[in-house]
Amino acid sequence: PVEGPRSKPVHASTSSARTGVARVYYLRRPEMETAEEKLGFLANHAMSGLAFDEVQPDKNHNWVNLTNNDFETLLPLASKDTKAAKTAAKERAIFKLYSLGVVTARDEWMYDFDTDSLEQKVAFLINTYNSDRTLIGGRGTSKKVVDALNYDIKWTRAVKAALGRNSAITFDKAQITAANYRPFTKCFLYRDAVLNETGYQTPQFFGLPCRFKNPSITVMGDSSGKPYFAFAIDQIPDLNFVSPASGGTQTFAMNRFDEAGNRAENITDWALKQFRQHYGPLLQGPQASRLHADGTSALPINKQAIFHYCYAVLHDPVYREKYALNLKREFPRIPFYEDFWQWAAWGEALMKLHIGYEAVEPFKLQRTDIPDEKVRASGLQPKAILRADKDAGSIALDSETTLRGIPSVAWDYKLGNRCALEWVLDQYKEKKPKDHTIREKFDTYRFADYKEKVIDLLMRVTTVSVETERITRAMKAVAR
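Throughout this description, residue numbers start from 1 for each chain and increase along the sequence as written. Side-chain atom pairs in this predicted model are given and counted only at pLDDT of 80 or more, local residue features only at pLDDT of at least 70, and totals for whole chains, interfaces and linings cover all residues. The side-chain figures draw on all heavy atoms in the structure; neither hydrogens nor water molecules are used.

Draft legend 1. Region of interest: the overall build of the chain. Secondary structure summary: the chain contains 17 helices and 23 strands in total. Each residue is placed in one exposure class: buried if its accessible area under a 1.4 Å probe, protein chains only, is under 20% of its type's maximum, exposed if it is over 50%, and partly exposed if it falls in between. A total of 480 residues make up the chain; the buried ones form 50% of that total. Helix and strand labels come from DSSP, where a helix needs a run of H or I of at least four residues and a strand needs a run of E of at least two; each type is numbered from the N terminus.

The following block contains the structure:
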């Protein structure tokens, strides 16, 4: 019956002789107590003398960390019922469709910073697959067939199924696309319906292969144990866009596309009706005047403005704190704040920063280069470091180059459990590939080849971090 933050709670149930219904009692121990300490506590205390609380689950079957707020009264950002609805009349959420990111099940084969390197890996994979198909294809996927495969490549369910169908796979350079692999880190992705294990609904947002840029809001699908995040993109994201240990990244796109490329709005008419009923069909205020083309003092509310408004709310520090437990367990819900246009303007500014981070003005950091004579004398490149010193406001890139002058506020902008700058540093480190064939044949990444690009990126992400914090702190100051 003792629960801590790093383990599932164990509930003590006793049967009521009077009703025959099981009852559950619960006792919480200190946050950082270990399993051994909990067992020791139980061994030294009689159960009859402990002060248990009787608990009952809420409607979503949560037993602990129950909330007592107005979250259920807010507008759902998305829902399974709306996603499955066959008619607009049955839609009751802001977004019609949502989707997890693409699952390759073989990231080291399907992603790369360099298109030439990606082509070589994919071509090797496809040639190996087709060789096995010629030898054993069409004979199903029995254990005997599977055991005979060439495991120089990674075989997964979808690829084995294609082998069982005796389906050929051909390389198509047009299927290479830019993708959001991690925050502030774009890679080239080989987007293929077979070699990627599943794309979920991403073809309806970005096409297959990815032909469309589509402004989208991403959130963590299951942020238990991690800080909440929201981040805007306009190209396909990976399933684990923020963390391999999360429940995946959910995407809410502005538009959706059919197979012919015809566009439809992904924000529902129901949502537009709710906002117009609450605020009125025309919104007054300085933001309305500023945004209205003809200079009049009122502006009709529209779906793009709702999109920006939602993005702002998801960044509101007060909202995130108030509904922290809800956001860890379910899709966000959106409140109606006063001054709709101010929030929409904040959301638009944040979206411009986050989608366009590669084009913002670089922050003026001080670069220091001190030649590593010992390494140079050996004919080697400087040793990659990519380590931040937050107290000093600096980043050591390698044994020669350091960036200084990073303002302390820049470290405060976080996505999940890392700040934006740390996401960049983590993704550009030199790491040994896990896949044995990639490690032996295609381990070509060297930080030195991307050093100048990373320096430029860090300067721009510093600007994004500082500006994001400026906007969210302005949000926090607004009375609710």
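The discussion continues.
Draft legend 2. Structural context of the packing of aromatic side chains. Here a Phe, Tyr or Trp ring, Trp counted by its six-membered ring, pairs with any other such ring whose centre lies within 6.5 Å, and the pair is stacked when the planes are under 30 degrees apart, edge-to-face when over 60, and tilted otherwise. Counted under the stated rule, the structure contains 35 aromatic pairs. For the pair Tyr-129 and Trp-155, a centre-to-centre distance of 5.8 Å together with 40° between the ring planes defines the contact as tilted. Remark: Trp-155 occurs in the loop between helix H5 (143-147) and helix H6 (157-164) and Tyr-129 occurs in helix H4 (residues 115-136); sequence separation between them is 26 residues. There is no split in this pair, since Tyr-129 and Trp-155 are both buried. Taken together, a centroid distance of 5.0 Å and an interplanar angle of 65° make the contact between Phe-184 and Phe-231 edge-to-face.

Draft legend 3. Quick peek at unusual backbone geometry. Cis geometry marks the peptide bond from Leu-208 to Pro-209; its omega dihedral reads -5°. Position of Pro-209 among the secondary structure elements: in the loop between helix H7 (202-206) and strand E10 (216-220). Positioned with a positive phi, Asn-166 is a non-glycine residue whose angle comes to about 60°. Residue Asn-166 is classed as partly exposed on the basis of its relative accessible area of 35%. We note that Asp-339 has phi near 60°; this positive angle belongs to a residue other than glycine. By the secondary structure assignment, Asp-339 is in the loop between strand E17 (333-334) and helix H13 (340-355).

Draft legend 4. Structural detail: the packing of H4 against H6. Packing of H4 against H6 leaves a shortest axis separation of 10 Å and a crossing angle of 40°. Taken together, the axes of H4 and H6 lie oblique to each other. For H4 against H6, the interelement crossing comes out right-handed. Only Val-159, Ala-162 and Leu-163 of H6 make contact with H4, whose side of the interface consists of Tyr-129, Asp-132 and Arg-133. All amino acids are sorted into three groups, where Ala, Val, Leu, Ile, Met, Phe, Trp, Tyr, Cys and Pro are nonpolar, Asp, Glu, Lys and Arg are charged, and the leftover types, Gly among them, are polar. Each residue belonging to the contact of H4 with H6 can be placed in one class, and the counts come to four nonpolar, no polar and two charged. Axis lines are fitted through C-alpha atoms, for helices just across the contact stretch, and the angle between N-to-C directions can take any value from 0 to 180 degrees. Throughout this description, any angle smaller than 35 degrees is read as roughly parallel, any larger than 145 degrees as roughly antiparallel, any in the 65 to 115 degree range as roughly perpendicular, and the remainder as oblique. For any helix crossing, the convention is left-handed if the near helix is rotated counterclockwise from the far helix by under a right angle, and right-handed if that rotation is clockwise. Residues are treated as being in contact if the distance between any of their heavy atoms lies within 4.5 Å.

Draft legend 5. Inspection of the environment of Ser-399 at higher detail. Here Ser-399 is to be found in the loop between strand E20 (394-398) and strand E21 (401-404). Given a relative accessible area of 28%, Ser-399 falls into the partly exposed group. As a C-alpha pair, Ser-399 and Leu-386 span 13 residues in sequence and 9.6 Å in three-dimensional space. Leave out the neighbours within four places in its chain, and Ser-399 touches Ile-370, Asp-372, Pro-382, Lys-383 and Ile-385. Here a polar contact is taken to be a pair of N or O atoms separated by no more than 3.5 Å, where protein atoms must pair a possible hydrogen donor with a possible acceptor and residues adjacent in sequence count only if both atoms sit in side chains. A polar contact of 2.8 Å, which involves the side chain of Ser-399, links it to the side chain of Asp-372.

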